[in-house]
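# Secondary and tertiary structure notes
Chain by chain, the residues:
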Amino acid sequence: PIVKEKTTLQASLRSTYSNWLIHSIRTDYVNLSHSNVSFYDATLKLTHFFSPRTRLSLTGYASHDALRLIGDSTYQWNNRQLSLRLDHQFSPVLNGEFVLGAGGYNYHLLNNDVLSPSQLSFDLTAIVARAQFHYQREKHKLSFGAQFMPYLFDPGTLQPGSSKSTVAYVKL
């Protein structure tokens, strides 16, 4: 807690030791000692209680994955999310939750070929605005609401990785 019984902060960080693992693999097919594999993610949540009936939460998340095998391309993926949520109890039988948020995913493919170095990328973003209500009287429960969720889609670009690349710029 930041403020006792009012404001809390939760955080989580993770990572991997995949490089150690991939470097320990021995094979006659390919030397993996210069390859890289990585992953990390982080979550942060801040919650404030205005009253026993009203709570506001801000939540964020981000992750990154990457894979590069020696003599091959580098693959990278990213996820991100941010949301603001208000929960309120209007009466003993009616609750509501209101959410504003955005999230997205993207990837990058880096080709390190000597003649045709290039980068291919893609991005998808979703935005959300939602209001939900829950009405409960004895055994009967009614849930209703509305949601607006457009998607912003960038199918990607292919671009040269250097001035000497044989790859042409293409907006997909």
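Residues numbered from 1 in each chain as written. Predicted model: local features only at pLDDT ≥ 70, side-chain atom pairs only at ≥ 80, totals over all residues. Heavy atoms only, no water.

### A word on the confidence of the model for the chain
Residues at a pLDDT of 70 or more form 100% of the chain, whose mean pLDDT is 91. The element-level mean pLDDT for the chain is lowest in helix H1 (residues 18-24), coming to 76, with strand E7 (residues 140-148) highest at 97. (pLDDT = per-residue confidence, 0-100. Helix = DSSP H or I, 4+ residues; strand = E, 2+ residues; numbered from the N terminus.)

### Remarks on the side chain of Ser63
Among the structural elements, Ser63 can be located in strand E3 (residues 54-68). Classification of Ser63 by relative accessible area gives buried; the value is 5%. Excluding residues within four positions of it along the chain, Ser63 makes contact with Tyr40, Asp41, Trp77, Asn78 and Asn79. (Buried < 20%, exposed > 50% of the residue type's maximum accessible area, 1.4 Å probe, protein only. Contact = heavy atoms within 4.5 Å.)

### Thoughts on the pattern of salt bridges
Pairing between side chains of opposite charge can happen when the charged atoms of each approach one another. The tally for this structure, following the rule as stated, stands at seven salt bridges. A salt bridge links Arg80 to Asp123; its shortest N-O distance comes to 3.1 Å. Here Arg80 is found in strand E4 (residues 74-91), whereas its partner Asp123 is found in strand E6 (residues 118-137), with 43 residues between them in sequence. Taking the relative accessible area as the measure of exposure, Arg80 reaches 32% and is therefore partly exposed. (Salt bridge = Lys/Arg side-chain N within 4 Å of Asp/Glu carboxyl O.)

### A closer look at the pairing of E6
Each regular strand displays side chains that alternate between the two surfaces of the sheet. Across 18 bridges, the pairing between strand E5 (residues 94-111) and E6 is antiparallel. In the strand pairing of E6, Leu109 is matched with Leu120. Counting the residues in the hairpin turn of E5 and E6 gives six residues. Relative to strand E8 (residues 151-160), E6 is paired through eight bridges, and the arrangement is antiparallel. Of the residues in E8, the one forming a bridge with Ser118 is Pro160. The pairing of E6 with E7 spans nine bridges and is classified as antiparallel. (Pairing = 2+ DSSP bridges.)

### Side note on the packing of aromatic side chains
The final tally for this structure, using the stated rule, is eight aromatic pairs. Measuring from ring centre to ring centre gives 6.3 Å for Phe90 and Phe133, while their planes differ by 35 degrees; the resulting arrangement is tilted. Highlighted residues: Phe90 in strand E4 and Phe133 in strand E6, separated in sequence by 43 residues. For Phe90, a relative accessible area of 38% puts it in the partly exposed group. (Phe/Tyr/Trp six-rings, centres within 6.5 Å; stacked < 30°, edge-to-face > 60°.)

### Quick notes on a nonpolar patch on the surface
Taken together, Ile2, Val3, Leu9, Leu44, Leu46, Leu58, Leu82, Leu84 and Leu100 make up a surface patch of nonpolar side chains, about 780 Å² in accessible area. Mapped by element, the contributors of at least two residues to the nonpolar patch are strand E2 (36-51) and E4. Along the polypeptide, Leu84 turns up in strand E4. The exposure class of Leu84 is partly exposed, given its relative accessible area of 35%. (Patch = residues over 30% accessible without salt bridge, like charges linked within 9 Å, V, L, I, M, F, W, Y side chains within 5 Å. Areas by Shrake-Rupley, 256 points an atom, 1.4 Å probe, with all protein chains shown as cover.)

### Observations regarding the environment of Phe153
Inspection of the secondary structure puts Phe153 in strand E8. On the basis of relative accessibility, which here comes to 53%, the residue Phe153 falls in the exposed class. For the pair Phe153 and Gly104, spaced 49 residues apart in sequence, the C-alpha to C-alpha distance is 9.7 Å. When near neighbours in sequence (up to four residues on either side) are disregarded, Phe153 contacts Phe122, Asp123 and Leu124.

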